[in-house]
Structures are given as C-alpha cells and as structure tokens.
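Letter by letter, the chains look like this.
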Amino acid sequence: PIKLIKASMQDVNELFPDNFFNGIICMGNTLVHLQNMEEIYQFIGTVYRKLVPGGLFFIQIVNYTRIRVQNITHLPAIETQNVIFNRQYEYFQNGKTPQIRFLSHLKFKSNSDPVTEEVFLFPIEYNDLMSIYSDIGFKSVISCGSYAREPFSSDNPALITVVTRE
C-alpha cells in the first residue's frame, strides 16, 4: 500500500528511520525551493541516510547554469484546453547567495483574471550538486539533460540525476 504524508523536505529526518527507502524521488524543480546551499546539503545528507545501501535518489530540476549563462527570463508557456501557465525568472544576488525571483501566472481561459504567485528559488548548478553528492558519499552518478537520457550539458533545459547509495 502507498501512504501519503504531507510534509516538508526538511521533515524527512524526523519522519523516517535510517536505511528505510529503496528510492527517493525529488521531481518538479522542488529541490530549489530550499533557500541556500546549506539546506540543500543537509537535505541530501538526510536522503543518503534514509536510503538502504544500493538505494536510488532521483532529482529533476531546471538547468540553472543555462538560465544564468543565457540570461533566460521566461520559460515556455504551458497551455492546455483550459489554462495558460507563464513562468518568469529574475536572477539576482542576495548578498553572496544567488537567488531567482520566480513569478508564475496562471490564466484560466474562462476567466480574465490571472492568478499570480511569487517565490524565491535557490538556483543550484550542476557542479555544486556533483560536489555535494561526492562529499556526502554517493558513488554512482548518472546525469542527463532530459528524460530521453541525453547526456547533460550546460545547454540542456533540465538537469536530471540519479545517484546510488553505496
């Protein structure tokens, strides 16, 4: 049976014992909702402890190297029969910490007033993520630039990694 729990990524340590999961999935650009490198490092360290030896950790985020280098300010709109979802990025430095102000606009085609939300993201990049994996003890790292498993490059729109706890 599947059990759903509503919690923060930062609650994983208190909710589950060590060596509990065969796999942990962090999709949909959720990792970057943590606020800084320390929080991401702590979360990934917790994931390592919660995985059984041989357990897999899967992360999918936007390729923030591409966002920064190419100065991308908008992602392609997502449009369905009922909605249009627009996403805007504003990259800036908050002291020494890079951040992205992420604005989302969800417009229901049946209503003229869009729903707008703002959130601040921590744009972790490939090299920093690889360094964290190495420091924590993950040995096997597979990095892709898409779900088609193309090799990761700084030009890919996504960064997808699968790491194995040894």
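Look up a bit, the structure's there.
Cut-off values and rules
- Residues numbered from 1 in each chain as written.
- Predicted model: local features only at pLDDT ≥ 70, side-chain atom pairs only at ≥ 80, totals over all residues.
- Heavy atoms only, no water.
- 1 Å grid on protein atoms, 1.4 Å probe; cavity = no way out; pocket = protein on both sides within 12 Å on 5 of 7 lines; lining within 4 Å.
- Points joined across faces, edges and corners; volume = space filled by probe spheres on them.
- Helix = DSSP H or I, 4+ residues; strand = E, 2+ residues; numbered from the N terminus.
- Pairing = 2+ DSSP bridges.
- Axes fitted to C-alpha atoms, helices over the stretch in contact; angles between N-to-C directions.
- Contact = heavy atoms within 4.5 Å.
- Salt bridge = Lys/Arg side-chain N within 4 Å of Asp/Glu carboxyl O.
- Buried < 20%, exposed > 50% of the residue type's maximum accessible area, 1.4 Å probe, protein only.

Asker: Just give me the short version of the layout of surface pockets, but keep the residues and values in it.
Answerer: Size it by volume and the largest pocket reaches roughly 500 Å³. Residue lining of the largest pocket: 18 residues in total, with Ile5, Val12, Phe16, Phe21 and Ile24 positioned closest to the centre. Of all the secondary-structure elements, those providing two or more residues to the lining of the largest pocket are helix H1 (12-15) and strand E1 (21-26). It is E1 that provides the largest number of residues to the lining of the largest pocket, a total of five residues.

Asker: So what's going on with the sheet that holds strand E7 (residues 140-144)? Residues and values would help.
Answerer: Here four strands make up an open sheet; going across it, the order is E1-E2-E8-E7 and the pairing mixed. Two strands in the sheet have a free side with no partner beyond their single neighbour: E1 and E7. Neighbour-to-neighbour, the strand axes of this sheet turn through a mean angle of 10°, independent of strand direction. Relative to strand E2 (residues 51-62), E1 runs parallel, the two being bridged by five bridges. Bridge pairing links Cys26 to Ile59 in E2. Contacts from helix H2 (residues 37-50) reach E1 and E2, with the element oriented near 145° to E2. Set on the sheet, helix H4 (residues 126-136) makes contact with E2, E7 and strand E8 (158-164); between it and E8 the angle comes to about 10°.

Asker: Lay out the pattern of salt bridges in plain terms, naming residues and giving numbers.
Answerer: Enumeration over the complete set of coordinates arrives at five salt bridges. Put simply, Glu79 and Lys109 hold a salt bridge, and the shortest N to O gap is 2.8 Å. Pair noted here: Glu79 is in strand E3 (residues 74-79) and Lys109 is in the loop between strand E5 (97-108) and strand E6 (115-121), with a separation of 30 residues, a long-range link. The class of Lys109 is partly exposed, set by a relative accessible area of 40%.

Asker: Tell me about the sheet that holds E6, and name the residues and values.
Answerer: One open sheet holds the four strands; their spatial order is E3-E4-E5-E6, and the pairing between them is antiparallel. Pairing within the sheet leaves two strands with one partner each, and these edge strands are E3 and E6. Put simply, the sheet's adjacent strands are angled 15° from each other on average, direction ignored. Pairing of E5 with E6, which is carried by seven bridges, proceeds in the antiparallel orientation. Opposite Arg101, over in E6, you have Phe120 as the bridge partner.

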